[in-house]
Amino acid sequence: MIDDAGSPPLAAASDGALFRRGSGGLVDRSRTIAFSFDGTRYLGHPGDTLASALLANGVRLVGRSFKYHRPRGVLTAGPEEPNALVELRAGARREPNTRATTAELYDGLEAASQNRWPSLRFDLLSLNGALGSMLAAGFYYKTFMWPASFWEKVYEPLIRRAAGLGRAAGEADPDTYEKSHLHCDVLVIGSGPAGLMAALAAGRAGARVVLAEQDFRLGGRLLADARLVAGEPASPWAASVEAELRSLPDVRLLPRTTVVGTYDHGTYAAVEKVADHLPVPPPFEPRQRLWRIVARRAVLAAGSIERPLAFVDNDRPGVMLAGAVRTYINRFAVLPGSRAVVYATSDDAAETVAALARAGAEVAAVIDARGEASPVLASAAARAGSRLVTGGAVERVQGRRAVQAVDVRTGAMGSVRFDCDVVAVAGGWNPTIHLASHQGHRPLWSEALAAFIPGKLPPGLAVAGAAAGEPSLGGALMAGATAGLAAAGDCGFAGHAVDIPATDAETVRQSVPRVAVAGRGKAFIDLQHDVTTADIVLAHREGFAAAEHMKRYTTLGMATDQGKTSALSGLFVLSEIKGETIAETGTTTYRPPFDPVSFGVLGGHHRGKAFRPTRLTPTHAWALEQGAVLVEAGAWLRAQWYPNGGEADWLESVTREVRAVRTRVGVCDVSTLGKIDVQGPDAAAFLDLVYANTMSTLPVGRVRYGLMLREDGFVLDDGTVARLDDQRFVVTTTTANAAKVLQHLEHALEWLWPGLDAQLASVTDQWAQIALTGPRARLVLRGVVDPQHDLSDAAVPHLAARAVTVIGGVAARLFRISYSGELGYEIAVPAGHGDALMRRLMDAGSTLGITPYGTEALAVMRIEKGHVAGNEINGQTTARDLGLARLVSRNKDCIGRVMAGRPALVDPERPALVGLKPVDRNQRLRPGAHMIGEHAEAIAASDEGYVTSVAYSPTLGHWLGLGLLAGGKARHGQRVRAFDPVRHGDVAVEVCDPVFYDPAGERLHG
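Throughout this description, residue numbers start from 1 for each chain and increase along the sequence as written. In keeping with the model being predicted, local features are shown solely for residues with a pLDDT of at least 70 and side-chain atom pairs are shown and tallied solely at 80 or more, while totals for entire chains, interfaces and linings include all residues. With hydrogens and water stripped out, all remaining heavy atoms of the structure feed into the side-chain values.

1. Remarks on the overall build of the protein
Formally: Secondary structure counts use DSSP, requiring at least four H or I residues in a row for a helix and at least two E residues in a row for a strand, with both numbered from the N terminus. Categorising residues by exposure relies on relative accessible area from a 1.4 Å probe, with only protein chains included: less than 20% of the type maximum marks a residue as buried, more than 50% marks it as exposed, and the intermediate range marks it as partly exposed. Whether two residues are in contact is decided by their heavy atoms, any of which lying within 4.5 Å being enough.
Of regular secondary structure, the protein possesses 22 helices and 50 strands. Counting only C-alpha atoms, the protein reaches 105 × 70 × 55 Å along its principal axes. The 1006 residues of the protein split such that 56% are buried. Sequence separation of 24 or more characterises 67% of the internal contacts of the protein that already satisfy a separation of 6 or more.

Dropping the structure here:
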């Protein structure tokens, strides 16, 4: 017996067979496996789902509803389940919101109910049900309005505590996830009768076939119905087809794989649950795998989803879909109840009546909602010895935590009560058309089927079987074979027609739409979100009468459910209120993913350190040999400084490196700078459009500093452009913005000016680039560049670009550019030669005092020269702010030019770049300090800017900095205070020109 709490007596449940039939089904009775639910141990068999095993043990109450915390049981037998959401596993592997109907049972599985406190049987928040009239649709928007101050401190914390389904693990997931690519000729989605025949026809034709099935067993409805195919039971026939498919060399079967999205150009996303059916994934195996499947043709054979019916208290444990009832009986050998009432709007329910009778259940009544008697349903009721009520309707369920009886409205006899413990509802079937609609194609309403069917399809996709509205088994087999053969033919494979196996006789009479039965109490449309018929009425009354508006106002069909069991039922109610047909009312939009997808599988290996793998420079091994201190710079690991023995701290090392560059020669790996190859007849015109200054006038063999603006007029990045020939340029970017600039250029070329004939390629990783800087740089360069090349000042002047060979014939590019203000070159060689080039440079400069320097010394020298970097190009500065207004050409258009001229951006009082020197040269400046007037009060209202970059200058012998100061250009010579309340700093500073060193640029020319 099942008590009102929905749980059987513990002793009876412990053998795992309270409601398990003695024979039949597809579970492996030779093995028994143990699992637990809410701490109680139960037994099941391989081949069970968690839902079937719980039902076999008589467990009916499995969860609480989202809003009202009403008791809920299993409604379905597949991925459309809105009720039986549980937490699986424990600790770091805990996973909430898993459907018990799809969770494959394994030995040791730990499951827990969710959304209840303190227990599933006694949930204090079930008091919400008594407040149902206050918690209707739009409750949050209307209730928590006053006082406004309560929202953040009182209302929101309480709502967040009460809301949500399940608990995240709270620890790092110990499992791994993968992403893989798969190419095929024909992708078949679903392995029911249509899917198996489609795969068989295409596979026999020689096409490369992938068959994806979300279940752990192939067969679809063939596993659930007691039908005959080719003279044998359907499930063995499905197994024989599966065996043939496995024998075909170019057919790949992917069980436990759900296709979750349809995208452009024949691309499909699928999630394979590789090890979800195991306690712990095997070594070197992921838990889940995300497939990117590219198919020349695809056949959608995803079947159909049964509709529930709305009546008062239709959410009680024991109310189930009729198709699910026979699935549990035929596939899992589980009897969901001992006394049933079948409530139907279609002849399909006759199979459920027959299945219940064969399994030994008493069918108390068959309620046919149609006014016209159905011979098929009448015959099934007569064979089962049950009472047939034609034109009747279930009005209300009796029972609190489980079904105990139903009140049925009959025509002449009024209301009759039937005792029962399971109500099988058959409201008709909806084709599973979600994937056919993911590219924005709207489905079509079929009056004949009383359901939506696919409309315009994505290119290359065909729909077959029940997903296309074909209700019969024989028709599904035929449609699948035809679609598979046609798909293979479209790919160039000439196959032969597949013999269609005979099926037993069937009578198909489509259901009629059934609008909810009115009554006192809650009749649920969306069981996952507690949306009732009254909520839809309220939405219409308050002006949310469009299908999409009603969906959002009531939350019907949102989140993990995607409206699988509720969307059409909600439209039935809405259309009746509006006095329209379903076609006139319209439908909502289906969007990917079809089924919930974990963040883990979306991220794949890209988590932790692998989220952005650390990239190593070509000279990384050499830098380690020198004892370099490394630092992460963007995605790269770079040398920060090179300590020498006896140096007290980093500042002493950096000071030595700067002095070496200024007086002798230094070498630095700058390979991390972004490098983009731009080619084509319109390459110069394109660069003019994306750079603020003009690039089309740049002569071949020359380099120009370039400034790039965003569309809003703010500076995006700076760098250099070198012209290698008439139609080829190399663009360099800052290290941090390399990917961002490439994205910006690709967008401009593909969307803003698609008519331009130019191509882009990122070549950052293909070239090692080493800076050689200092008064002796040319002497060292002569030791590595092959002797036939002239390196004189006349042959390679400042801002020259030359093709040379180095270290005995290695092709290289030589750029005469300098970031430090000294005579400087950058030598670019293929990345594989970078290490050798660095070692040869060190050898060539060994007698000239060559010194490696890192990013800290580089920063010191750029601040001394007043060069801006990421601290100043922070997304909030314009060319004018940075003193680079002269670079914005007035003779051409470019991205951001017009927006940069907005009044607020040319205001003379905007913060502009300035240099800063401490009045007391012994004092230290710190970045981030706020600048306030010399005698101003240290409050926010006095803030006039901030210090962006600071460095100790060995050249000048004191600290100096750059900053953004209001009206800065006109304030040279004034004094302000660099106030740093966090680090207790308050330093008087002199505002000056940002170029501290060699303002005339004489040293650049050597």
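2. Observations concerning the pattern of salt bridges
Cut-off, in case you're wondering: The term salt bridge refers to a pairing of a side-chain nitrogen on Lys or Arg with a carboxyl oxygen on Asp or Glu at a separation within 4 Å.
One pass over the full model with this rule turns up 56 salt bridges. Between Glu87 and Arg167 there is a salt bridge whose closest N-O contact spans 2.9 Å. Linking Glu87 in strand β5 (residues 85-88) with Arg167 in the loop between α4 (150-162) and β8 (177-189), this pair joins segments that are 80 residues apart in sequence. Its relative accessible area of 4% is what places Glu87 among the buried residues. Among the residues examined, Arg167 registers a relative accessible area of 46% and is labelled partly exposed. Here Glu822 ties to Arg662 by a salt bridge, and the two come within 3.0 Å at their closest N and O atoms. Taken together, the residues span a long stretch of sequence, with Glu822 in the loop between β42 (810-815) and β43 (824-830) and Arg662 in helix α17 (residues 650-663) at a distance of 160 residues. Judged by relative accessible area, Arg662 falls into the buried class, the value being 6%.

3. Quick notes on helix α21 (residues 834-844)
The condition is simple: What the arc describes is the spread of directions from the helix axis to the C-beta atoms.
Burial in α21 covers these residues: Gly834, Leu837, Met838, Leu841 and Met842. Along α21, the residues classed as buried sweep out an arc of 135 degrees about the axis, all on the same side. Where the residues of α21 are buried, they touch α16 (620-625), β34 (665-669), β40 (767-773), α20 (777-782), β43 and β44 (850-852).

4. Here's the deal with a nonpolar patch on the surface
Spelled out, the test is: Without a salt bridge and with relative accessible area above 30%, a residue can belong to a patch; like charges are then joined within 9 Å and nonpolar side chains (Val, Leu, Ile, Met, Phe, Trp, Tyr) within 5 Å. Method for areas: the Shrake-Rupley scheme with a 1.4 Å probe, in which residue coverage is limited to the protein chains shown.
Taken together, the side chains of Trp117, Phe122 and Leu124 define a hydrophobic patch exposed on the protein surface, amounting to about 360 Å² of accessible area. When you line up the elements, Leu124 lands in the loop between β7 (109-112) and α3 (139-143).

5. Observations regarding the packing of α17 against helix α22 (residues 855-864)
To keep things clear, this is the line we draw: Axis lines are fitted through C-alpha atoms, for helices just across the contact stretch, and the angle between N-to-C directions can take any value from 0 to 180 degrees. When an angle is under 35 degrees it counts as roughly parallel; over 145 it counts as roughly antiparallel; between 65 and 115 it counts as roughly perpendicular; any other value is oblique. In this scheme the handedness of a crossing depends on how the near helix is turned from the far one: anticlockwise by less than a right angle means left-handed, clockwise means right-handed. Each residue is assigned to one of three groups, with Ala, Val, Leu, Ile, Met, Phe, Trp, Tyr, Cys and Pro labelled nonpolar, Asp, Glu, Lys and Arg labelled charged, and all others, Gly among them, labelled polar.
Running from N to C, α17 and α22 cross one another at 60 degrees; their axes reach a closest spacing of 9 Å. Taken together, the axes of α17 and α22 lie oblique to each other. The hand of the α17/α22 crossing is right-handed. Residue-level inspection shows Trp650, Val654, Glu657, Val658, Val661 and Arg662 of α17 in contact with α22, the latter providing Glu856, Ala857, Val860, Met861 and Glu864. When grouped by side-chain class, the residues that make up the contact of α17 with α22 number seven nonpolar, no polar and four charged.

6. Re the environment of Asp28
By the element assignment, Asp28 lies in the loop between α1 (10-13) and β1 (33-37). Sequence spacing of Asp28 and Ala378 is 350 residues, and the spatial spacing of their C-alpha atoms is 36 Å. Ignoring anything within four residues of it in the chain, the contact list for Asp28 reads His45 and Pro46.

7. As for the packing of aromatic side chains
Given two aromatic rings, one states the distance between the centres and the angle between the planes to describe the pair. Short version of the rule: Aromatic rings from Phe, Tyr and Trp, with only the six-membered ring used for Trp, were paired whenever their centres fell within 6.5 Å, and each pair was classed as stacked if the ring planes differed by under 30 degrees, edge-to-face if by over 60, and tilted otherwise.
The tally for this structure, following the rule as stated, stands at ten aromatic pairs. Between Tyr68 and Phe524 the ring centres are 6.4 Å apart and the planes differ by 65 degrees, which places this aromatic pair in the edge-to-face class. Here Tyr68, found in the loop between β3 (63-64) and β4 (71-72), pairs with Phe524, found in strand β29 (residues 524-526); they are 456 residues apart in sequence, far enough to count as distant. Here Tyr68 matches Phe524 in class, with each residue buried. For the pair Trp641 and Trp650, a centre-to-centre distance of 6.1 Å together with 40 degrees between the ring planes defines the contact as tilted. The class for Trp650 is partly exposed, based on a relative accessible area of 33%.

8. Points about the environment of Lys740
Its location among the elements puts Lys740 in helix α19 (residues 738-752). With a relative accessible area of 45%, Lys740 lands in the partly exposed category. Residues Lys740 and Arg607 lie 133 residues apart in sequence; the distance between their C-alpha atoms is 21 Å.

9. Focus on the pairing of strand β21 (residues 393-398)
Going by this rule: One requirement defines pairing of two strands: DSSP has to find at least two bridges between them.
Looking at chain direction, β21 and strand β22 (residues 405-410) are connected through five bridges and run antiparallel. Of the residues in β22, the one forming a bridge with Val394 is Val408. Linking two consecutive strands that pair antiparallel, namely β21 and β22, is a turn of six residues; a positive phi of about 120 degrees is found at Gly399 within it.

10. What to know about the side chain of Arg816
Cut-off, in case you're wondering: Distance and chemistry together define a polar contact, namely a pair of N or O atoms within 3.5 Å, with one atom able to donate a hydrogen and the other to accept it when in protein, and with adjacent residues in sequence counting only for side-chain atoms on both sides.
Position of Arg816 among the secondary structure elements: in the loop between β42 and β43. Taking relative accessible area as the criterion, Arg816 reaches 0% and is therefore assigned buried. A distance of 3.3 Å separates a polar atom in the side chain of Arg816 from the backbone oxygen of His1005.

11. Structural notes on unusual backbone geometry
Peptide bonds are mostly trans, and most non-glycine residues show a negative phi. In this structure, Pro118 follows Trp117 across a cis peptide bond, with omega equal to 5 degrees. Inspection of the secondary structure assignment puts Pro118 in the loop between β7 and α3. A cis amide bond links Pro592 to the next residue, Pro593, at an omega of 5 degrees. Tracing the chain through its elements places Pro593 in the loop between α14 (582-585) and α15 (599-603). Phi is positive for Asn115, close to 65 degrees, though the residue is something other than glycine. When you line up the elements, Asn115 lands in the loop between β7 and α3. Judged by relative accessible area, Asn115 falls into the buried class, the value being 11%. A positive phi angle is found at Asp530, which is not glycine, with a value near 60 degrees. By the element assignment, Asp530 lies in the loop between β29 and β30 (531-532).

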